[in-house]
Amino acid sequence: MQGVKIIAGILGVLGLSGMAQRVSAQGQAQEPAKGERIVITASAVLDGKGKVLRDARIVVEGEKIAAVETKADAKAAPADYDLRGLTVLPGWIDAHAHITWNFGKDGKNAGMGGTSQEDAYQSASNAWVTLMAGFTTVQSPGAANDIPLRDAIAKGKLAGPRILTAVEPLFGQGEKTGTPEEIRAFVRKQKQAGADVIKIFASQSIRQGGGMTLSQEQLNAACDEAKKQGLRTLVHAYKDAVRAATLAGCTEIEHGTLATDDDLKLMAEKGTYLDPQAGLIIENYLLHKEQYLGTPGYTAEGFAAMEKILPMNHELVQHAAKTPGLKIVFGTDAVAGAHGRNAEEFIDRVRDGGVEPMAAMVSANSLGAEALGMADQIGAIAPGLQADIIALDGDPLKDITAVRRVVFVMKGGVVYKNVARGAIPVYAGAQP
């Protein structure tokens, strides 16, 4: 944990500049006084649960939404933020992003275990661009380095999305993984280390074929112990591991490529969440091929496999979207090169996966909050919830590429971004 302490110290120093950036980034961002009242007007609000509210006023007091008024009195007091003409919705939730995954000094993939000053700076930057892209909450499963970043943001020392992390994942290695009792002890250890969720690798990488790496008995032990500890479980699973994790009562399946229709139906019956990736992660690898090739886990053969896997991912999302009752959440698996471009996954899901635009939005709002066990805190524009509010220059229900044009970001009542409409080009990669 020495490396984590080093990162924590550096992030503490970064906190001073992070707070300054939060205040001055758009010339308007500032910490609201306790109980301060902020009024936002909007002509179109996606409430995060599948409804569109027209001509609304959102009243924010401190960190939370105090009231949502529709058909507001024209004589009401002027708004602090006039977002009419934009599409307003809750801040997005990315259920799977590796926020501390970076490229190293040489430009090559350095993973998420770095402990240098440069790693800390880059991780803080990852958090900032992710927030600027409209993501106010991310689940980062997991690396020990996530903890100081999570805590620095929670304490207001750095600007970024709230972070939930798994700390140290359980890597399936067959019998070498340990007995069921040893696996239960591992889960308890993660709880003590501050984990918000337990990440389990029940399959090989899909680049290596995706074979199962844990037995049914081992999976049963891991997910059962997590429940006893009050923790959710995210399972990296392909093929047969999807059914095994579902039968084990695990909370959420990550990826799920090559799952059958029967597997998807079983997940729907059991209430198991699915977090598939329609495109961004593989597209990002291919875009940055030279930076990944030759680093641990990334071979020429693996890249050839990824090109074949991309249409399989599209097919999975297509089948998942047609499975009645299946809870599909939004996760990107964002690694180095993808931070700040998380919203590209929306476009992939709608364009290539056949997901309805409203369903795509809900997957990253109320459904995502439900999967995180935070439906009473985030994920919707409703009184009593955190004031996580974003605005898009465009209507994602008519043009899904509007997700690239985030012009307003409020998180917990603090405005971090407020740029003029039209300021972000029709095509934008990383948000400014």
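These numbers were taken from a predicted model, which means no experiment stands behind them.

### Focus on the overall build of the protein chain
A tally of regular secondary structure across the protein chain gives 13 helices and 19 strands. For the protein chain, the residues scored as buried account for 59% of the 432 residues in total. Taking as baseline every contact in the protein chain between residues at least 6 positions apart, the subset at least 24 positions apart corresponds to 69%. Carbon and sulfur atoms provide 52% of the accessible area of the protein chain, an area that totals close to 17100 Å².

### What about helix α2 (residues 117-132)?
The terminal C-alpha atoms of α2, which comprises 16 residues, lie 23 Å apart, in line with the 22 Å expected from a rise of 1.5 Å per residue. Asp 119, Ala 120, Ser 123, Ala 124, Asn 126, Ala 127, Trp 128, Val 129, Thr 130, Leu 131 and Met 132 are the residues of α2 that are buried.

### Observations concerning the packing of aromatic side chains
Within this structure, the stated rule accounts for 11 aromatic pairs. Ring plane angle 45° and centroid distance 5.2 Å describe the contact between Trp 92 and Phe 135, whose orientation is recorded as tilted. Placement of the pair is Trp 92 in strand β6 (residues 92-94) and Phe 135 in strand β9 (residues 135-140), with a sequence separation of 43 residues. Here Phe 135 falls in the buried class, since its relative accessible area comes to 0%. Relative to Tyr 298, the ring of Tyr 285 has its centre 5.2 Å away and its plane inclined at 55°; by these criteria the two rings are tilted.

### Considerations on the sheet that holds β6
The strand order across the open sheet built from three strands is β6-β9-β10, with neighbouring strands paired in parallel fashion. Strands with a single pairing partner mark the edges of an open sheet, and in this sheet they are β6 and β10 (162-165). Averaged over neighbouring strand pairs, the angle between their axes works out to 15° when direction is ignored. The pairing of β9 with β10 spans four bridges and is classified as parallel. In the strand pairing of β10, Thr 137 is matched with Arg 162. Sitting on the sheet, helix α3 (residues 146-154) touches β9 and β10, and the angle it makes with β10 is about 150°.

### Description of the side chain of Asp 275
Counting through the fold element by element, Asp 275 comes out in strand β15 (residues 273-275). The buried category is assigned to Asp 275, whose relative accessible area is 0%. At 3.1 Å, the side chain of Asp 275 forms a polar contact with the side chain of Gln 277. Among all residues touching Asp 275, those that are not within four sequence positions of it are Ala 95, His 96, Glu 252, Ile 253, Glu 254, His 255, Val 329, Phe 330, Gly 331 and Arg 349.

### Comments concerning α3
Burial analysis of α3 places seven of its nine residues in the buried class, the great majority of the element. Here α3 has its buried residues at Asp 146, Ile 147, Pro 148, Leu 149, Arg 150, Ala 152 and Ile 153. Count one or two residues on from α3 and you reach Gly 156, which has phi positive near 80°.

### Some thoughts on the side chain of Thr 295
The residue Thr 295 is located in the loop between α9 (289-292) and α10 (300-321) in this model. According to the relative accessible area criterion, Thr 295 is buried, its value standing at 10%. Those residues within four positions of Thr 295 in sequence are excluded, and the remaining contacts are Lys 108 and Asn 109.

Here is what the cut-offs are and how they apply
Residues numbered from 1 in each chain as written. Predicted model: local features only at pLDDT ≥ 70, side-chain atom pairs only at ≥ 80, totals over all residues. Heavy atoms only, no water. Helix = DSSP H or I, 4+ residues; strand = E, 2+ residues; numbered from the N terminus. Buried < 20%, exposed > 50% of the residue type's maximum accessible area, 1.4 Å probe, protein only. Contact = heavy atoms within 4.5 Å. Areas by Shrake-Rupley, 256 points an atom, 1.4 Å probe, with all protein chains shown as cover. Expected span 1.5 Å × (residues − 1). Phe/Tyr/Trp six-rings, centres within 6.5 Å; stacked < 30°, edge-to-face > 60°. Pairing = 2+ DSSP bridges. Axes fitted to C-alpha atoms, helices over the stretch in contact; angles between N-to-C directions. Polar contact = N/O pair within 3.5 Å; in protein donor to acceptor, adjacent residues only side chain to side chain.

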